[in-house]
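# Tertiary structure, described
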Amino acid sequence: MSAASSKAADAAATPPGGTDQQKLRTMANAVRALSMDAVQAANSGHPGMPMGAADFATILFAKFLKYDPTDPKWPDRDRFVLSAGHGSMLLYALLHLVGYEDMTMDQIRNFRQLGSKAAGHPEFGFAEGIETTTGPLGQGLATAVGMAIAERHMNGVFGDDLVDHHTYVIAGDGDLMEGISHEAISHAGQLRLSRLIVLFDDNEICIDGPVTMSETGNQQARFEAAGWHVQSIDGHDMEAVAGAIEAAKNSDRPSMVACRTKIGFGAPNKEGTSGAHGSPLGDEEIAATKAAIGWEGGPFEIPTDVRDAWRLAGLRGVKSRKAWQKRLDDLGNGAKAEFERRVRGDLPAGLDEALIAFKADASKAGDKIATRSASGKVLEVVNGIVPETIGGSADLTGSVNTLTSQLEILNSDNYAGRYIHYGIREHSMAAAMNGMALHGGVIPYSGTFLVFSDYCRPAIRLSALMHQRVIYVMTHDSIGLGEDGPTHQPVEHLASLRAMPGVHVFRPADIVETAECWQLALTRTDGPSVMVLTRQGLATLRSEHNDKNLARKGGYILKAASDDASVTLVATGSEIEIAANAQATLEADGIPTCLVSLPCWELFAAQSEKYRHGVIAPDSIRIGIEAAVSFGWERIIGENGTFIGMQGFGASAPANELYAHFGITADAMVEAAKAKLAAQD
């Protein structure tokens, strides 16, 4: 950028024409034109939302949003989340117009086509300026709450000079109907996240027709009841939009601005109807719309003066970004290095050594301890060394053991705290952790019971889709939780989570494996991890210390056979102890038996065939055991293997009685192995 351009950009608080509404309207019409053209070219998409929201989105991007397209990862930029992700062309048009280099006109021409950065819904990582993947309604809003939490936390740690930005959301009726929005709105109000501003595209239209067909509630009253600052405006009145955003920025509470708009604004025959929602307008309607709004450009054509106005708007943040960089550079080397380390996502020195020492002590102590409690002990080490971890739970702190001695509570009086009481809000808790991870500078983890991972599942899927380091602590992992019964005893959840691409599911067998699994989850920067932990106490089977992380390959021989293995016993988590007893019996009976621990299937599957066959010998009799359904175990033990586990739901009784009742025992493994051997004779 030339010095002259930089000077002009720094001096311009608004586009050419100052507060000229017609100039801004023309800029908004550029968004409408690109949206109509792209959806028509793709013969697929949602033109109505971008057309309706273009006016207030233009004010946001041209006058308020703090960003710099020449440095799209600037840590102190404002975050923008298009929660109504079906209206993705709104975002792509804005990114292109303000000058993000990778959102070219060719990308927009290829909207919704294979390989285009302009995907059907915004995809994090596809193009700069896309802060999160949206599309599943409500998730974007809840993710933005996490971004706002991270901003306030980082501000509490590093101060206004380094962290002082807002999170803006455009949400639609669908976002606010989804149940997750209720949790997210309530929690944001409770935390008084004043840097969170939601612009509600109140267009009164759903795919099926008028919103009143399915929703008659008062959204503004709902936000007010949750402690938000609320305004209602005409979303096509640009002066009203600007005034509302300014008022929202000055509030000491999170803000919602209900922007009454017309979906498909400008379309003579489809404006204000569901016909503009989810399908192309058609060539005739596009031509009529362009005539109605005074747009003279052809398909994908932006007049030079309009493009220049947008590019100047995009350069507004250059001065702020340069001033911020100077403040960072002026810090002492230690403070600057620490800030940059956290933003990069690098772990501090000393963690590996501390965990090795922890393992050595645990192996020596040989305690019988539930892995949920073991996890708490590991976190006591981790949180003392890694200051960017932020823990929490869904009102289950004492059960999931996620709070350690170093962590103060993060609340509206202490944003520098590192522990969040999410309340019974698993849906929004999981999405908020995505937002914190996406914001950067923090490593979120939080806990609930494994059976309630169903509530977290949409956000876990997005964690995987976006390759975010989010750690889900899921305890009470089987019938081993006992008397709470089948409503709380997960049987299908392990298979369900393992089926999700990109998720590492860890089910450690003892305190030593728990430490190793936490180390793997923390060092993984390309996706989420789920820590699956027991309620019941487990013996420490790793009694001989090893500096190496044996769980790093997902599976390993815990105890070798006395000779070439005739039988291989494979287990995870709490069933390793059962399998170890079965191995002892088989070995005593003269049957060479190998015991394999498989704490992470995904890591094991990534190993070479040579390694996997070296651990689970394909020519041995293979017996698998897990207090869960068998789905997926054929990949581990083969079609001819024998699985011992759950065939249906659990029951209410003490844990030891349940294991016997369902036949998940060492005797059952021994009998299965001997029956297989006899069949071979």
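Structure: above.
Residues numbered from 1 in each chain as written. Predicted model: local features only at pLDDT ≥ 70, side-chain atom pairs only at ≥ 80, totals over all residues. Heavy atoms only, no water.

### Let's talk about the packing of aromatic side chains
Within the structure shown, the criterion is met by 13 aromatic pairs. Seen in terms of ring centroids, F223 and W228 are 4.9 Å apart; in terms of plane orientation they differ by 85°. Their pairing is edge-to-face. Exposure remark for W228: the relative accessible area of 1% places this residue in the buried category. Arranged with centres 6.3 Å apart and planes meeting at 65°, the rings of F604 and Y611 form a pair that is edge-to-face. Taking the relative accessible area as the measure of exposure, F604 reaches 5% and is therefore buried. On the basis of relative accessible area, Y611 is assigned to the partly exposed category, the value being 22%. Cluster of aromatic residues (ring-pair linked, three or more members): F61, Y67, F80 and Y100. (Phe/Tyr/Trp six-rings, centres within 6.5 Å; stacked < 30°, edge-to-face > 60°. Buried < 20%, exposed > 50% of the residue type's maximum accessible area, 1.4 Å probe, protein only.)

### Quick look at the sheet that holds strand β13 (residues 504–506)
Overall, parallel pairing links the 6 strands, which are arranged β10-β9-β11-β12-β14-β13 in an open sheet. Unpaired on one side and paired on the other, β10 (419–421) and β13 mark the two borders of the sheet. Averaged over neighbouring strand pairs, the angle between their axes works out to 20° when direction is ignored. Relative to the sheet, helix α21 (residues 511–523) contacts β11 (443–449), β12 (471–475), β13 and β14 (529–532), its axis offset from that of β14 by approximately 165°. (Pairing = 2+ DSSP bridges. Helix = DSSP H or I, 4+ residues; strand = E, 2+ residues; numbered from the N terminus. Axes fitted to C-alpha atoms, helices over the stretch in contact; angles between N-to-C directions. Contact = heavy atoms within 4.5 Å.)

### What about unusual backbone geometry?
Backbone geometry places N401, a non-glycine residue, at a positive phi of 55°. For N401, a relative accessible area of 23% puts it in the partly exposed group. Positive phi outside glycine occurs at H467, with the angle close to 60°. Within the secondary structure layout, H467 lies in the loop between α19 (453–466) and β12.

### So, the pattern of salt bridges
Counting across every chain of the model gives 30 salt bridges. For the salt bridge of D37 with K290, the shortest nitrogen-to-oxygen distance reads 3.0 Å. Of this pair, D37 sits in helix α2 (residues 21–42) while K290 sits in helix α11 (residues 283–293), placing them 253 residues apart in sequence. When sorted by exposure, D37 lands in the same class as K290, which is buried. (Salt bridge = Lys/Arg side-chain N within 4 Å of Asp/Glu carboxyl O.)

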